[in-house]
Amino acid sequence: MGHVFDDKKRTYQAPADETESTYHWLDRSALEMAAAARDELERLYDQYPDPHRRLLANLRAEEGRDADNAFFGAFASLVLYDRWVRRGYRITVDEAIGGHERRPDMQLMTDSGPIVVEVGVLCTKSDWAEREWCNGQLVDAINAGVRVEGWLLGIDIDGGLPDGCPHEEVVAAVQDAVDALPSPREVSSEYENLPRCYLRHPRADSSLELTFFPLEDVDNGPDELGFIDDRVIGVGPGNGGCPDTERRVRNKLRSKHPARYPPRYVDDKPYVIALAGTDAFMQRKSVGRSLYGDESLVLPSADATEGWRVLRKGLFGPSPDGAPKQSRISGVLWVEHLGKELWYPGSIRLAYFPNPFSKVPVDASLLGIDDELLLEPQADGRYLLKWRSGEQW
């Protein structure tokens, strides 16, 4: 069985770059927290059957916007496998269903038969729009190439940057602007009086505004976590903003739909999608709204006669003709705190969202859940939603 990480000396103590994958940072970080995460990943992988090395390849994804989705998808599979093995279950992984070339992530073998489990994750960095990703490349180039003492830079980028655009000339121009700065002690800390610099990108239709913030105390030593952060840009477009979480969830679930397999191989088996998010935008209630929808009043168009109407967008809700949108998905297993689990093993909680229209429902207790959403049908055809634990919906 191959190792996830190579045995080598590591000296890097800074945080990850804006566009750096989690695996790449873990593989070069000398911090104790990174070493502990590497040890936990090795432990989890050593017990995981990976005959085709497909999961190992996903764990070791290093480059590109999808690298973290691959890494955390593999990590979620490891965590779920470990949790279910500890409960005494037998699990098959990466096996073809009925000889078909497509493979499910795993099958949980129970006395009632197998439960097919597909795993999907959502990472903000992977879901960045092209513009945010390319902006992050420029931020990384400036952080790596510019040296400054006593200042922190803010950056605002106007216009688009192509993927892989060379930034050497911009880095040199930023360094020239830094070298021309006065002493930080000579500058007022009032925002409107801060030094600024405006640059045109010579390789793209884009302009940059740099704002220079004086630092009162400069401490080049490690912080309480061991980080030595020498990045020069502290304010800028290093994230993709607030993504449409519900749309992200629905798109991810559609990509994991059982239609990936011939119906005769999955129609008679419970089919559960285990979904995890690694960012603060992914909350339990957001997942619920993605599945069951919420009632949104839609204004009529100018020539409409029907007046106000209610729009239901839930993936598990009925279609306009009243037929179920989904009947082959048993439910969604929400893997909470997956990102935290990497640093604090034992953090995850499993919450189950059942599909009320599923043709093959599953006994959620077989999944080792921590909580389950209960759907109580009402006289008007709607459902009252509440958590078994009593947590507020």
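Our structure's up above, just so we're on the same page.
These numbers come from a predicted model, not from an experiment.

Conventions and cut-offs
- Residues numbered from 1 in each chain as written.
- Predicted model: local features only at pLDDT ≥ 70, side-chain atom pairs only at ≥ 80, totals over all residues.
- Heavy atoms only, no water.
- Axes fitted to C-alpha atoms, helices over the stretch in contact; angles between N-to-C directions.
- Helix = DSSP H or I, 4+ residues; strand = E, 2+ residues; numbered from the N terminus.
- Parallel < 35°, antiparallel > 145°, perpendicular 65-115°, else oblique.
- Left-handed = near helix turned anticlockwise from the far one by under 90°.
- Contact = heavy atoms within 4.5 Å.
- Nonpolar A, V, L, I, M, F, W, Y, C, P; charged D, E, K, R; others polar.
- 1 Å grid on protein atoms, 1.4 Å probe; cavity = no way out; pocket = protein on both sides within 12 Å on 5 of 7 lines; lining within 4 Å.
- Points joined across faces, edges and corners; volume = space filled by probe spheres on them.
- Buried < 20%, exposed > 50% of the residue type's maximum accessible area, 1.4 Å probe, protein only.
- Polar contact = N/O pair within 3.5 Å; in protein donor to acceptor, adjacent residues only side chain to side chain.
- Phe/Tyr/Trp six-rings, centres within 6.5 Å; stacked < 30°, edge-to-face > 60°.
- Pairing = 2+ DSSP bridges.
- Core = buried A, V, L, I, M, F, W, Y, C linked by side-chain atoms within 4.5 Å.

Caption draft 1: Representation of the packing of helix 5 (residues 130–145) against helix 6 (residues 168–179) within the structure. One can describe the packing of helix 5 onto helix 6 by two numbers: an axis separation of 9 Å at closest approach and a directional angle of 50°. Put simply, helix 5 runs oblique to helix 6. When you trace helix 5 past helix 6, the crossing you get is right-handed. Contact residues: helix 5 offers Leu 138, Ala 141, Ile 142 and Gly 145, while helix 6 offers Val 170, Val 171, Val 174 and Gln 175. Of the residues that constitute the contact of helix 5 with helix 6, the class distribution is 6 nonpolar, 2 polar and no charged.

Caption draft 2: Focus on the layout of surface pockets. What the largest pocket holds in volume is close to 660 Å³. Taken together, 22 residues form the lining of the largest pocket, with Ala 16, Thr 22, Asp 68, Lys 125 and Trp 343 sitting closest to its centre. Sorting the residues of the lining of the largest pocket by element identifies helix 1 (22–28), helix 4 (67–86) and helix 10 (338–343) as the ones contributing at least two each. Sort the elements by how many residues they give to the lining of the largest pocket and helix 10 lands first, with 3 residues. Residue composition of the lining of the largest pocket, by class: 9 nonpolar, 6 polar and 7 charged.

Caption draft 3: Looking closely at the side chain of Ser 358. Relative to the elements of secondary structure, Ser 358 occurs in the loop between strand 12 (349–354) and strand 13 (371–377). Assessed through its relative accessible area of 13%, Ser 358 is described here as buried. A distance of 3.1 Å separates a polar side-chain atom of Ser 358 from the backbone nitrogen of Val 360. Every residue in contact with Ser 358, bar those within four places of it in the chain, is listed here: Ser 327, Ile 329 and Ser 330.

Caption draft 4: Up close: the packing of aromatic side chains. Tallying each qualifying case throughout the model produces 10 aromatic pairs. When the centroid spacing of 5.0 Å and the interplanar angle of 65° are considered together, the rings of Tyr 48 and Tyr 81 count as edge-to-face. Highlighted residues: Tyr 48 in the loop between helix 2 (32–46) and helix 3 (54–59) and Tyr 81 in helix 4, separated in sequence by 33 residues. A relative accessible area of 10% means that Tyr 81 is categorised as buried. Look at Phe 353 and Trp 387: their rings are 5.1 Å apart centre to centre, the planes differ by 80°, and that puts the pair in the edge-to-face class. You can see Phe 353 sitting in strand 12 and its partner Trp 387 sitting in strand 14 (residues 383–387), a full 34 residues away along the chain. We note that Phe 353, like Trp 387, is buried.

Caption draft 5: Local environment of helix 9 (residues 284–292). When you tally the buried positions in helix 9, you get 7 out of 9 residues, the bulk of the element. Taken together, the buried positions of helix 9 are Arg 284, Ser 286, Val 287, Gly 288, Ser 290, Leu 291 and Tyr 292. The secondary structure elements touched by the buried residues of helix 9 are helix 7 (245–255), strand 8 (271–277), strand 11 (331–336), strand 12, strand 13 and strand 14. The positive-phi residue at the C-terminal boundary of helix 9 is Gly 293, with phi of around 80°.

Caption draft 6: Seen up close, the pairing of strand 3 (residues 113–122). Burial of strand 3 is extensive: 8 of the 10 residues sit out of reach of the surface. Between strand 2 (residues 106–110) and strand 3, which pair antiparallel one after the other, the connecting turn spans 2 residues. The sheet contact formed by strand 3 and strand 8 spans 7 bridges and is parallel. When the bridges of strand 8 are listed, Val 116 appears paired with Tyr 271.

Caption draft 7: Expanded view of the nonpolar core. Ranked by internal contacts, the top residues of the largest apolar core, which has 49 residues, are Leu 26, Leu 41, Leu 59, Trp 84 and Leu 333. Top contributing element to this core by residue count: helix 4, with 10 residues.

Caption draft 8: Quick peek at the sheet that holds strand 11. In spatial order, the strands read 1-2-3-8-11-12-13-14; together these 8 strands make up an open sheet with mixed pairing. At either margin of the open sheet sits one strand with a lone partner, and together these are strand 1 (90–93) and strand 14. Between one strand and the next, the sheet's axes are offset by a mean angle of 25°, whatever the strand orientation. Running at roughly 135° to strand 3, helix 7 makes contact with strand 3, strand 8 and strand 11 of the sheet. Across the sheet, helix 9 lies against strand 8, strand 11, strand 12, strand 13 and strand 14, angled at about 20° from strand 12, the strand it touches most.

Caption draft 9: Looking closely at the pairing of strand 2. With 4 of 5 residues buried, strand 2 lies mostly within the body of the structure. Here 4 bridges tie strand 1 to strand 2, and the two strands are oriented antiparallel to one another. Across the sheet, residue Val 93 finds its bridge partner in strand 2, namely Met 106. Looking at chain direction, strand 2 and strand 3 are connected through 5 bridges and run antiparallel. Pairing of Thr 110 across the sheet is with Gly 113, part of strand 3.

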